[in-house]
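An overview of the molecular structure
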Amino acid sequence: MGAVGKNLRLLSIRDLGYVKELARQGDEQAVKKLIKAAGGICSNVRDFVIRVLGELAAVEAVPTLRKFLLPQSKRGLSATEEAAIALGKIASKHGLDGKTIDLLILASRDSKAAAVRSAASLALGFCCGSRAFGKRRKKQTETVLFAHLTCRFSNQSKAAAQALKMTGWKPKNLAEQTRLLIALQDWEALSRPRNHCIPSLIALIKEGKKLETVQKKIVRALGNSGSLRAAPTVIEWLFQKGVLIQNEEELSSWEKSMKPLFADYTSMILRAASFVVKTKTEWEDKWGDNGEIKYHYDCSHTEAALAEMCHLNTSITSNLLLCAAKKADTKIVTGAGWNAWGGGENHGILKFDAFRQKAKAELVSRNKKRTSPSAYSRRANWYINTNKEDLL
């Protein structure tokens, strides 16, 4: 046994693989040495040892591991994340004490690092079988986890959703059900026709920046659903806050998603609202120390779609022109440069002044001042060739 202890003092630097094999022997003295090594200075060794303790589900390591979760801990974010993951693995087999669960709740709620919040959230899910979990801690945990469902970090919201399911939490209404499905990234369920979550999805599109990172996926889910209730909100989003579609392949993918909703108008709407062709030119000196990339944006497809919109005089194109007249300018990356001292991106604004003016002029000629919501509500209106009576 002395040889094991002697080797462990050396292997923390020279042979991490052998340390792992020694730990897997299940020898109590070896585990104690690993627990001691977890408090070491070398971050690579420390993180590795914490992972091994988690794999071993070494319940003896809990007092050491929870020290990493203390707010005043200065052991580093990677060690804190690894400790939370290890505690989750231990909890799944042995459960955890109340003090450790409380620290996980605090880490999930208050940590400044998204990775730590995610790891702590998932660990809390595994704690649901612990005797110390109780009703009070269960309620605290569910409150913290539910708040993470709308987090802009998708991994964190997904971890929170998975943990909530482990605790046995059930959505109380459609709004909560929708947030859970979004956090779980179950876009197939959200895209089903006659989906009861449609009103909640529409409401989330209107929330603005809070859900900006997932709004694109929500819009595509609404497109796949084919629900005409979503048409006004989706169209407004595409013209005002929409993603910039930058090549034909990306456009084809979007068209496939939006076809169930927009039918014959799909290509026209997407090209007018969000499509530009992005190309680039590059320059670099022969040593590679200095260089520059310039991005070029071709809006001719957008202008062609607007011309098609003006030519086709229907109630739907009149509504679309009202949105086009308010089309937002878009922030873009115009290029990037680098030299021996560093580099960075350059930004600019893609302006649509002429686009808006042309849409306004067409609206004047049609004497159109207000949107007609009823134009969107009839499925037949979305089929151009079969809907002659809609032509104005």
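Residues numbered from 1 in each chain as written. Predicted model: local features only at pLDDT ≥ 70, side-chain atom pairs only at ≥ 80, totals over all residues. Heavy atoms only, no water.

A word on the overall build of the chain
Test applied: In this text, helices come from DSSP runs of H or I with a minimum length of four residues, and strands from runs of E with a minimum of two, each type numbered from the N-terminal end. Burial classification: accessible surface area is computed with a 1.4 Å probe over protein chains only, and a residue below 20% of its type maximum counts as buried, one above 50% as exposed, and the rest as partly exposed. Shrake-Rupley sampling with a 1.4 Å probe provides the accessible areas, and residues are treated as covered by the protein chains on show and by no other component.
Along the chain, the regular secondary structure elements total 21 helices and four strands. Relative to its full complement of 392 residues, the chain shows a buried share of 48%. Of the roughly 20700 Å² that the chain leaves accessible, carbon and sulfur atoms contribute 52%.

Some thoughts on helix α6 (residues 77-94)
Filter applied, for reference: The length a helix should cover is 1.5 Å for every residue beyond the first.
In a regular helix each residue adds 1.5 Å, so 18 residues correspond to 26 Å; α6 covers 25 Å between its end C-alpha atoms and thus fits that length. Listing the buried residues of α6 in full gives A79, T80, E82, A83, A84, A86, L87, G88, I90 and A91. The first or second residue beyond α6 is G95, which carries a positive phi of 80 degrees.

So, the side chain of T233
Note the threshold: Contacts: residue pairs with any heavy atoms within 4.5 Å of one another.
With respect to the element layout, T233 can be found in helix α15 (residues 231-240). What T233 contacts, discounting residues up to four positions off in sequence, is I202, I205 and K206.

Considering the pattern of salt bridges
Quick note on the threshold: Any Lys or Arg side-chain nitrogen located within 4 Å of an Asp or Glu carboxyl oxygen qualifies as a salt bridge.
Following the criterion strictly, the structure yields eleven salt bridges and no others. The shortest N-O distance in the salt bridge between D329 and R356 comes to 2.9 Å. Highlighted residues: D329 in the loop between α19 (315-324) and β3 (330-339) and R356 in helix α20 (residues 353-366), separated in sequence by 27 residues. On the accessibility criterion, R356 (14% relative accessible area) is buried. Counted as one network, the salt bridges with shared partners bring together D329, K351, D353 and R356.

Side note on the packing of helix α4 (residues 43-56) against α6
Formally: The angle between two axes is taken between their N-to-C directions and runs from 0 to 180 degrees, where each axis is a line fitted to C-alpha atoms and a helix contributes only its stretch in contact. Any angle between 65 and 115 degrees counts as roughly perpendicular, while under 35 counts as roughly parallel, over 145 as roughly antiparallel, and the rest as oblique. Classification used: nonpolar for Ala, Val, Leu, Ile, Met, Phe, Trp, Tyr, Cys and Pro, charged for Asp, Glu, Lys and Arg, polar for all others including Gly.
Running from amino to carboxyl end, α4 crosses α6 at an angle of 10 degrees, the nearest separation of the two axes being 8 Å. With respect to α6, the element α4 is oriented roughly parallel. Here α4 contributes R46, D47, I50, R51, G54 and E55 to the contact with α6, which in turn contributes S78, A79, E82, A83, A86 and K89. Partitioning the contact of α4 with α6 into residue classes produces four nonpolar, two polar and six charged.

Regarding the nonpolar core
Here is the rule we go by: Throughout this description, the term nonpolar core refers to a set of buried Ala, Val, Leu, Ile, Met, Phe, Trp, Tyr and Cys residues connected via side-chain atoms within 4.5 Å.
In terms of nonpolar packing, the biggest core is built from 64 residues, with L320 and W382 touching the most fellow members. Other than its neighbours up to four places away in sequence, L320 contacts I235, F239, Y265, M268, I269, M309 and Y376. Counting residues in hydrophobic clusters, the runner-up holds 38 residues, among them V52, A84, L103 and F133.

As for the environment of A272
Summarising the element assignment, A272 is placed in helix α17 (residues 266-274). For the pair A272 and K327, spaced 55 residues apart in sequence, the C-alpha separation works out to 9.4 Å.

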